[in-house]
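# Secondary and tertiary structure notes
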Amino acid sequence: MDVAHALQEMRIGDAAGSCSVLAALRRVQQRFEAEDAPERRKRILEETADLLARAPLDRLFPELDAYLRQQYLGLVNSFIRHAALPPCDTDSGTLCAKSYADIPARARAVSAVLLALSVQIQKALEDQNTSAVRSLVRTLAPTFCVFSITHLQDQPWTSAASRRSARELLSSAVSLTDCSSVQELLSGGPEEGQKGLLGPVLDTLQPELTKESWKRNQAVKHVFSWVLVQVGRPCLTEYLEKVFPPSLLISDDYQTENKVLGVHCLHHIVLNVPAADLRQFNRAQVLYHALFNHLHTSEAALIQVVLHCLLDLLSVLEKPTVHSGSPRKPARFDEVLRHILTYMEMEHKLDLRRVYAKNLVLFIERMGIVIVRHLKRLERVIVGYLEVSDAPEEETRRSILDALQKTLQIVWPRMERRMSSLAQSLLRFLVDVSSESLNTQLKEQLMTQASHCLLLLDHCSQGKLQSLLRELDSSCVSEPVLKCIQKVTAAPLSQ
């Protein structure tokens, strides 16, 4: 095809009506779709970009009725399909990197055409700013967004150049809609009735986000996730029915990568949708069961995001633990903590132990006094984790010391009976750390944390620990350990 034919049909330089523009755009689309050779298609894209850049505004946008707007959209969609990812027919939902070898170049060529059209629409807005031009923006902007976000992220089907072009196109879409940011573009402006593009964007993605189709296009889950996390309160509540099912679907996949992505989306929903809306139609309960099932995994990355999400979801499902009333009945917080402690006791993988220990203190803080129900098992976990090093960073033992400190502060009246085993464990820990080849600063931090726990334990026992520590034979311990013990014995007795 020669786009010169289209130029002739548009009668550039002569009086021309919308019918000529409509016919020219339709001819470009038909010829483009009829071509199979990539080089010919590339040439058509280049010529079309040149056509759009040189055409007078009154010829491109004479009378922007519904037919012409749909033809522009049809042409844009036709070009975008040229840069679409090849469909994946395997259950894994992934293709090898070489399957996407030609996608970055195609995406750049398509972006050039869309940018040229965007520039002309921007000029029309500045010159005319009519409702017809604004309607064209509303028609094209969601498609521009989905295409640019598809090629915006660092993925096997993008390159540095294609990502740069995608960023330019997305910025152009923001400018066209007179927004200050992508977040405003999707969520809408502060003025009443100034709706964003989240709804139309989700409608564009919806056909590819079904149970049968979402794994055929590897990009769609990343586009959905990227769009979702840009939108917060109060806008997201309006679209809960559109974002909750796909997030749950992605999280329910057998691949860890997809589970993590899905839970990440669900956590964003939990944080940005009011509790009453989450509880409606039993959504929160459904989500709780889905997340709890993930706790049986042995993947540290998944456990990390699931525990964070559960922590915030449980605050939606349960009353605050400080809520007055007695007795406090066991709740889902107890169920989750019981599960965590059970798995912590038998876990031997260092990466999982690290994740569990890091999140344990968060659950202790959130649950407050009701952790007294779990003290026996919690004590066994703390003692066991203090015995195993995960050098060189010692993240696990640092976290478990934080958990012990928080426990002593919260349930101190019940800790005197556990003084003996915890004190012995802390003293063994001090001896071990003092003899290990750790970074000096880290070693001091660990010993300081352990000393503070001993001080708290002494307060819980009303000074009984001090008496026992004074009876220790100082010749049996190293100087660093002795200094830690002296900090405890020199502390004033609690009243």
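This text follows the structure it describes.
This text gives an overview of the structure that appears in the document. (Residues numbered from 1 in each chain as written. Predicted model: local features only at pLDDT ≥ 70, side-chain atom pairs only at ≥ 80, totals over all residues. Heavy atoms only, no water.)

## Focus on the pattern of salt bridges
Counted under the stated rule, the structure contains 24 salt bridges. A salt bridge links aspartate 154 to arginine 163, with the shortest nitrogen-to-oxygen separation between them at 3.3 Å. With a relative accessible area of 17%, arginine 163 lands in the buried category. As a salt-bridge pair, glutamate 345 and arginine 377 come within 3.4 Å of each other at their nearest N and O atoms. Pair noted here: glutamate 345 is in helix 18 (residues 332–346) and arginine 377 is in helix 20 (residues 375–386), with a separation of 32 residues, a long-range link. (Salt bridge = Lys/Arg side-chain N within 4 Å of Asp/Glu carboxyl O. Buried < 20%, exposed > 50% of the residue type's maximum accessible area, 1.4 Å probe, protein only. Helix = DSSP H or I, 4+ residues; strand = E, 2+ residues; numbered from the N terminus.)

## As for the side chain of arginine 397
Here arginine 397 shows up in helix 21 (residues 395–410). Arginine 397 has contacts with Tyr385, Leu386, Glu387, Val388, Ser389, Asp390, Phe429, Val433 and Glu436, leaving out every residue within four places of it along the chain. (Contact = heavy atoms within 4.5 Å.)

## Concerning the packing of aromatic side chains
Applying the stated criterion across every chain yields a total of 4 aromatic pairs. Ring centres 4.9 Å apart and planes at 80° place the aromatic pair phenylalanine 32 and phenylalanine 79 in the edge-to-face group. Placement of the pair is phenylalanine 32 in helix 2 (residues 18–34) and phenylalanine 79 in helix 5 (residues 66–82), with a sequence separation of 47 residues. Pair check on accessibility: phenylalanine 32 and phenylalanine 79 agree, each one buried. Residues tyrosine 288 and phenylalanine 292 carry aromatic rings whose centres are separated by 5.9 Å and whose planes lie at 40° to one another, so their mutual orientation is tilted. With a gap of 4 residues between them, tyrosine 288 and phenylalanine 292 both fall in helix 16 (residues 283–294), about one helical turn apart. (Phe/Tyr/Trp six-rings, centres within 6.5 Å; stacked < 30°, edge-to-face > 60°.)

## Considering the packing of helix 13 (residues 240–251) against helix 16
Direction vectors running N to C along helix 13 and helix 16 enclose 20°, while the axes themselves pass 11 Å from each other. Taken together, the axes of helix 13 and helix 16 are roughly parallel relative to one another. Two packed elements cross with a definite hand, and for helix 13 against helix 16 that hand is left-handed. Of helix 16, the residues touching helix 13 (which contributes Leu240, Glu241, Phe244, Leu248 and Ser251) are Arg283, Val286, Leu287, Ala290 and His294. The residue inventory of the contact of helix 13 with helix 16, partitioned by class, reads 6 nonpolar, 2 polar and 2 charged. (Axes fitted to C-alpha atoms, helices over the stretch in contact; angles between N-to-C directions. Parallel < 35°, antiparallel > 145°, perpendicular 65-115°, else oblique. Left-handed = near helix turned anticlockwise from the far one by under 90°. Nonpolar A, V, L, I, M, F, W, Y, C, P; charged D, E, K, R; others polar.)

## Some points on the side chain of serine 213
As for its position among the elements, serine 213 is in the loop between helix 10 (198–205) and helix 11 (220–229). When sequence neighbours within four positions are dropped, the list of residues in contact with serine 213 reads Pro207 and Glu208.

## Let's talk about unusual backbone geometry
With an omega of -10°, the peptide bond running from arginine 233 to proline 234 counts as cis. Along the chain, the position of proline 234 falls in the loop between helix 11 and helix 12 (235–238). With an omega dihedral of 15°, the bond running from alanine 391 to proline 392 counts as a cis peptide bond. In this structure, glutamate 394 takes a positive phi of about 55° despite not being glycine. Within the element layout of this structure, glutamate 394 appears in the loop between helix 20 and helix 21. Judged by relative accessible area, glutamate 394 falls into the buried class, the value being 0%.

## Notes on the nonpolar core
Grouped together as the largest cluster of nonpolar side chains are 157 residues, with contacts concentrated most on Phe61, Tyr72 and Ile121. A per-element tally of this core places helix 17 (residues 300–317) first, with 12 residues. Those residues in contact with isoleucine 121 that sit more than four places away from it in its chain are Phe61, Val133, Leu136, Val137, Leu140 and Leu176. Within the second largest apolar cluster, 5 residues are counted, among which are Leu85, Tyr100, Trp157 and Ala219. (Core = buried A, V, L, I, M, F, W, Y, C linked by side-chain atoms within 4.5 Å.)

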